[in-house]
Amino acid sequence: MAGYNVVDAEQTKNLLHDKKAILLDVRTLEEYEAGHIVGAVLLPYDIVEQKAMGILEKDDCIVVYCRSGHRSKIAALKLLEMGYTDVYDLGSIDNWPDELTAPQVAEIK
């Protein structure tokens with residue numbers, strides 16, 4: 001599909017550095033809190049259509065990822081359909097070779 005770009009970790013790092021890309025984690029809040037790529041913004045794939053306009057500009061460079069690559073593809077294609085023009089799909093978080101954030105542990109009271 002035109003405009004749909006699959007990237008690897010090295011290409012993602014270049015986009016983050018060179019184009020100041022926005023890294024979108026399109027998993028659930030629970031998955032995000034269990035560990036995510038440092039600097040990633042949570043925007044679950046099932047609310048991309050409702051929330052993207054409030055946080056993203058149409059010409060932003062956007063890289064999406066999820067757990068397996070299925071939801072990231074859905075989110076990337078939805079963003080393109082909505083008129084975003086610079087969208088990339090990292091696919092699975094497992095494609096990221098660097099450390100993730102530490103899991104958020106609920107405080108026991």
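Residues numbered from 1 in each chain as written. Predicted model: local features only at pLDDT ≥ 70, side-chain atom pairs only at ≥ 80, totals over all residues. Heavy atoms only, no water.

> Go over the overall build of the protein, please, and point to the residues and values.
Scanning the protein for helices and strands turns up four helices and five strands. Taking 13 Å as the expected radius of gyration for a compact globule of 109 residues, we find that the protein reaches 13 Å, a close match to that expectation. Its C-alpha atoms put the protein at 50 × 30 × 25 Å along the principal axes. Classification of the 109 residues of the protein by burial places 43% in the buried group. A sequence separation of at least 24 residues applies to 70% of the contacts in the protein between residues at least 6 apart. As displayed, the protein has an accessible area near 6400 Å², and 53% of this comes from carbon and sulfur atoms. Counting 11 positive and 19 negative side-chain charges, the protein places the centres of these two groups 3 Å from one another. (Helix = DSSP H or I, 4+ residues; strand = E, 2+ residues; numbered from the N terminus. Rg over C-alpha atoms; globule rule 2.2 N^0.38 Å. Buried < 20%, exposed > 50% of the residue type's maximum accessible area, 1.4 Å probe, protein only. Contact = heavy atoms within 4.5 Å. Areas by Shrake-Rupley, 256 points an atom, 1.4 Å probe, with all protein chains shown as cover. Lys, Arg positive; Asp, Glu negative; His and termini not counted. Charge placed at Lys NZ, Arg CZ, Asp CG, Glu CD.)

> Could you give an account of unusual backbone geometry, naming the residues involved and the relevant values?
With a phi close to 50 degrees, K20 is a non-glycine residue in the positive phi region. With respect to the helices, strands and loops of the structure, K20 is situated in the loop between α1 (9-18) and β2 (22-25).

> Now, about the side chain of R27: what can you tell me, with residues and values included?
In this fold, R27 is placed in the loop between β2 and α2 (29-33). Judged by relative accessible area, R27 falls into the buried class, the value being 6%. Of the polar contacts made by the side chain of R27, one reaches the side chain of D25; its length is 2.7 Å. In this structure the side chain of R27 is engaged in a polar contact, spanning 2.7 Å, whose partner is the backbone oxygen of G35. (Polar contact = N/O pair within 3.5 Å; in protein donor to acceptor, adjacent residues only side chain to side chain.)

> Could you give me a rundown of the state of the cysteines, with the residues and numbers involved?
For the structure shown, the criterion picks out zero disulfides. No disulfide involves C66; its sulfur sits 18 Å from that of C61, the nearest cysteine. (Disulfide = S-S within 2.5 Å.)

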